[in-house]
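Observations on the three-dimensional arrangement
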Amino acid sequence: MKLKINKRDQNLIRALKKVINNNRKTEDQIIADLASRMMLTPHEEEILWDYIQNDSYWMVELENK
């Protein structure tokens, strides 16, 4: 079975994809800036990204919590 998407909805989907991609670029830049400010290694930056994007706490220790 295939999902059929009409022309009007295809236009809306294209617009939505554009918004999502722009937001991803912004998120990536903010995370990179934060990682740089924190002076993280590439591995630590991945942990930060996973914590922010996936709410993954298992490799993160929060101070004062």
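Computed from a predicted model, the values in this text were never measured in an experiment.

Conventions we followed
- Note on numbering: residues in each chain are counted from 1, in written sequence order.
- Only residues with pLDDT of at least 70 are given local features in this predicted model, and only at 80 or more are side-chain atom pairs given and counted; all residues enter the totals for whole chains, interfaces and linings.
- Neither water nor hydrogens contribute to the side-chain values; these are computed over all heavy atoms in the structure.
- The numbering of helices and of strands both runs from the N terminus, where a helix is a DSSP run of H or I of at least 4 residues and a strand a run of E of at least 2.
- Burial status follows relative accessibility: with a 1.4 Å probe on protein chains alone, a residue under 20% of its type maximum counts as buried, one over 50% as exposed, and anything between as partly exposed.
- Surface exposure here means Shrake-Rupley accessible area, sampled with a 1.4 Å probe, where a residue is shielded only by the protein chains that are shown.
- When charges are tallied, Lys and Arg are placed among the positive residues and Asp and Glu among the negative ones, while His and the ends of the chain are skipped.
- In plain terms, the charge of a residue is placed at NZ if it is Lys, CZ if Arg, CG if Asp and CD if Glu.
- Here an axis means a line fitted to C-alpha atoms, over the contact stretch when the element is a helix, while the angle between two N-to-C directions is reported on a 0 to 180 degree scale.
- For classification, angles of less than 35 degrees are called roughly parallel, those exceeding 145 degrees roughly antiparallel, those between 65 and 115 degrees roughly perpendicular, and all remaining angles oblique.
- Helix crossings get a hand from a simple test, with the near helix turned counterclockwise from the far one by less than a right angle marking a left-handed crossing and a clockwise turn marking a right-handed one.
- Only heavy atoms matter for contacts: two residues are in contact if any of them lie within 4.5 Å across the pair.
- Just so you know the grouping, Ala, Val, Leu, Ile, Met, Phe, Trp, Tyr, Cys and Pro go in nonpolar, Asp, Glu, Lys and Arg go in charged, and all remaining residues, Gly too, go in polar.
- Within 6.5 Å between ring centres, the rings of Phe, Tyr and Trp (the latter by its six-membered ring) count as paired, and their orientation is classed by plane angle as stacked under 30 degrees, edge-to-face over 60, tilted in between.
- Counted as salt bridges are all cases of a side-chain nitrogen of Lys or Arg within 4 Å of a carboxyl oxygen of Asp or Glu.

So, on to the overall build of the protein chain. The helix and strand tally for the protein chain stands at two helices and zero strands. Here the C-alpha coordinates of the protein chain stretch approximately 50 × 25 × 20 Å along the principal axes. Taken over 65 residues, the protein chain has a buried fraction of 8%. Accessible surface computed for the protein chain: about 6,400 Å², of which carbon and sulfur atoms make up 56%. Between the centroid of the 11 positive side chains of the protein chain and the centroid of its 11 negative side chains there is a distance of 21 Å.

This next bit is on the packing of helix H1 (residues 7-37) against helix H2 (residues 42-54). It is the contact of H1 with H2, at a shortest axis distance of 10 Å, that shows an interaxial angle of 130°. Considering the angle they form, H1 stands oblique to H2. Helix-helix and strand crossings are classified by hand; for H1 and H2 the assignment is right-handed. Residue-level contacts link Glu27, Asp28, Ile31, Ala32, Leu34 and Ala35 of H1 to Glu45, Leu48, Trp49, Ile52 and Gln53 of H2. Grouping the constituent residues of the contact of H1 with H2 by class yields seven nonpolar, one polar and three charged.

Our focus in this paragraph is the packing of aromatic side chains. This model, assessed by the stated rule, comprises one aromatic pair. A ring pair is formed by Tyr51 and Tyr57, whose centres lie 5.2 Å apart and whose planes are at 85°; its orientation type is edge-to-face.

The tally for this structure, following the rule as stated, stands at one salt bridge. Close ionic contact of Asp9 with Arg8 constitutes a salt bridge, the shortest N to O distance being 3.8 Å. The exposure class of Asp9 is partly exposed, given its relative accessible area of 28%.

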